[in-house]
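Residue strings, one per chain:
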Amino acid sequence: MSMQLRTLAHLGDSRGKRVLLRVDWNVPMERSRIVDDTKIRLSLPTLAALRASGAAVIVVSHLREGATGDTLAPAVRAAGRLLGGRRPTLVRTAVGSPTLLRVCRALRPGAVLVLENIRRYPGEERNERAFARTLAALADVYVNDAFAACHRRHASVAAVADYLPAVAGLLLQREVEVLQRVLEQPAHPMIALMGGAKIATKAPVIDRLRRSASAVLLGGGLANTVWAVRGYGIGASLVDSDAAPVVRQLLRARRHGAVRMPVDVVVGDPSARGRGHRVVPVGPRPHVICERPEAVLDIGPATIRAYSAELRTAATMVWNGPMGWLECSPFHYGSVMLARVIASRASGRAFGVVGGGETLAALQQTQMAQYIDHVSSGGGAMLAFLGGEALPGLLPLYRTGA
Ligand code: ADP
Ligand code: MG
């Protein structure tokens, strides 16, 4: 028995059908200016395909809490510019009102309607069935293309799929295919590079990847937390303080030789913001690396060399999480150097997968992001997927087959 993801190919003839399309247009904004329209661009192939097939599309997206004006208006304008042709219309009529139902029923093939920020409705984050049913009543089929929201048990991602035929859009399909391959049949050897802040959310990924990876290279706050648990002195370093049990599990993994730790670090006083720093070697037995007010803020040159050499042996590379304090020069250096190595090997010599909010920011600094084979659109969702979690948004899109 195998599980098959239902996709646009399973939709059949969509001419004249109304499609409820869940996208992630939760783009970063300053005032009402969009700082980065990547998420909108990524959603356009599915939107265009549905339109071309003669469907009318009802777009649903969320905006994070506190987002400027709480309205999708800037995203809708940007989508209109990028799409060309007939512009999508933002409707402010409430979900559940008879007017909206009438408007949706009257949609012509190729029309695109966008519902206002779905998190305005309390039923959304509570995954309320009644709300999901009301949403579903607007359309004939449901297409989920919001991979970045699939780890959320929210009505427009999860419950709605119980009330309509549900399939994955093109972006979601690609995410699942690539990440599934990384988990189940990567080209070997696979090397994973993991850093960033929260080891508790990343430990399941490290654990899962090391089953097929020849090495998992640790850095950033993750490495700090491992040192703290093992009794190294790390001063004022960033640690995930309630992650001790999770780290002990990792340390067991370390005996398998698959998890590597930095052999040197850059330490400095964070309040000096980059003025004054030094390289400290890190030994295999616990010792004092630095004392307050100093902190471990980046991986050191010997580690960059060692990790680069490992990455150069890889046929598959997976990277999530900065190696140091990305927002403060020169502590971004380790992350950007390894981002360069990964980008320079990707698109040919090795298959490169990169994901995570701050990780992508580091990748952008290299001006080489276009070489990465797969830049995941989902930070939290990618981690949940790679950690082996069942994603509430994905489950209803599978069909059990022979
Ligand atoms: P992502 O969003 O890519 O998954 P995280 O959210 O887990 O990454 O963590 C990124 C943050 O961790 C960045 O803001 C980075 O500056 C910080 N960070 C990583 N290592 C360190 C360190 N050694 N000291 C201070 N901050 C660090
Ligand atoms: Mg982050």
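Quick notes on the rules
- Residues numbered from 1 in each chain as written.
- Chains lettered and ligands numbered in written order.
- Predicted model: local features only at pLDDT ≥ 70, side-chain atom pairs only at ≥ 80, totals over all residues.
- Heavy atoms only, no water.
- Helix = DSSP H or I, 4+ residues; strand = E, 2+ residues; numbered from the N terminus.
- Rg over C-alpha atoms; globule rule 2.2 N^0.38 Å.
- Buried < 20%, exposed > 50% of the residue type's maximum accessible area, 1.4 Å probe, protein only.
- Contact = heavy atoms within 4.5 Å.
- Areas by Shrake-Rupley, 256 points an atom, 1.4 Å probe, with all protein chains shown as cover.
- Core = buried A, V, L, I, M, F, W, Y, C linked by side-chain atoms within 4.5 Å.
- Near = heavy atom within 4 Å.
- Polar contact = N/O pair within 3.5 Å; in protein donor to acceptor, adjacent residues only side chain to side chain.
- Nonpolar A, V, L, I, M, F, W, Y, C, P; charged D, E, K, R; others polar.
- Axes fitted to C-alpha atoms, helices over the stretch in contact; angles between N-to-C directions.
- Parallel < 35°, antiparallel > 145°, perpendicular 65-115°, else oblique.
- Left-handed = near helix turned anticlockwise from the far one by under 90°.

### Focus: the overall build of the protein chain
So, point 1. Broken down by element type, the protein chain carries 13 helices and 21 strands.
So, point 2. Computed over C-alpha atoms, the radius of gyration of the protein chain comes to 23 Å, within 12% of the 21 Å expected from 2.2 N^0.38 for 402 residues, which places it in the range of a compact globule.
So, point 3. Taken along its principal axes, the extent of the C-alpha atoms in the protein chain is 70 × 50 × 35 Å.
So, point 4. By residue count, 56% of the 402 residues in the protein chain fall in the buried class.
So, point 5. Sequence-distant contacts, at least 24 apart, represent 76% of the contacts inside the protein chain between residues at least 6 apart.
So, point 6. Of the roughly 17200 Å² of accessible surface on the protein chain, a fraction of 51% belongs to carbon and sulfur atoms.

### Observations regarding the nonpolar core
So, point 1. By size, the foremost hydrophobic cluster in this structure holds 78 residues, and its most contacted members are L115, L135, L218, W227, I289 and L394.
So, point 2. Aside from chain neighbours lying at most four places away, what touches L115 is I58, V59, V60, L72, L90, V91, V95, L100, L135 and L138.
So, point 3. Listed in part, the 29 residues of the second largest apolar core include L8, L63, L72 and A78.

### Focus on the site of ligand 1
So, point 1. In the neighbourhood of ligand 1, 19 residues make up the surrounding shell, with A197, K202, E327, E358 and T359 lying closest.
So, point 2. A distance of 2.5 Å is found between an oxygen atom of ligand 1 and a side-chain nitrogen or oxygen belonging to E327.
So, point 3. Elements with a minimum of two residues in the shell around ligand 1: α8 (220–230), β17 (295–299) and α12 (357–365).
So, point 4. Of the residues contributing to the shell around ligand 1, the split by class is seven nonpolar, nine polar and three charged.

### Considering the packing of helix α10 (residues 301–312) against helix α11 (residues 333–345)
So, point 1. Interaxial distance between α10 and α11 falls to 10 Å at its minimum, and their mutual angle equals 20°. Judged on the interaxial angle alone, α11 and α10 are roughly parallel. As α10 packs across α11, the resulting crossing turns out to be right-handed. Between α10 and α11, the residues in contact are I304, Y307, S308, L311 and R312 and Y333, G334, M337, L338, V341, I342 and R345, respectively.
So, point 2. Here the residues of the contact of α10 with α11 sort into eight nonpolar, two polar and two charged.

### Regarding unusual backbone geometry
So, point 1. Omega for the bond connecting H188 with P189 falls within 30 degrees of zero, at -5°, which places this linkage in the cis form.
So, point 2. Relative to the helices and strands, P189 is located in the loop between α6 (170–184) and β10 (190–194).
So, point 3. The amide bond that connects R292 to the next residue, P293, takes the cis arrangement and shows omega of 5°.
So, point 4. With respect to the helices and strands, the residue P293 is situated in the loop between β16 (288–290) and β17.
So, point 5. Phi is positive for N127, close to 55°, though the residue is something other than glycine.
So, point 6. With respect to the secondary-structure elements, N127 resides in the loop between α4 (122–125) and α5 (129–136).

### Observations concerning the side chain of T46
So, point 1. With respect to the element layout, T46 can be found in helix α1 (residues 38–52).
So, point 2. You can call T46 buried: its relative accessible area is 0%.
So, point 3. A polar atom in the side chain of T46 sits 2.7 Å from the side chain of D145.
So, point 4. A distance of 2.9 Å separates a polar side-chain atom of T46 from the backbone nitrogen of L170.

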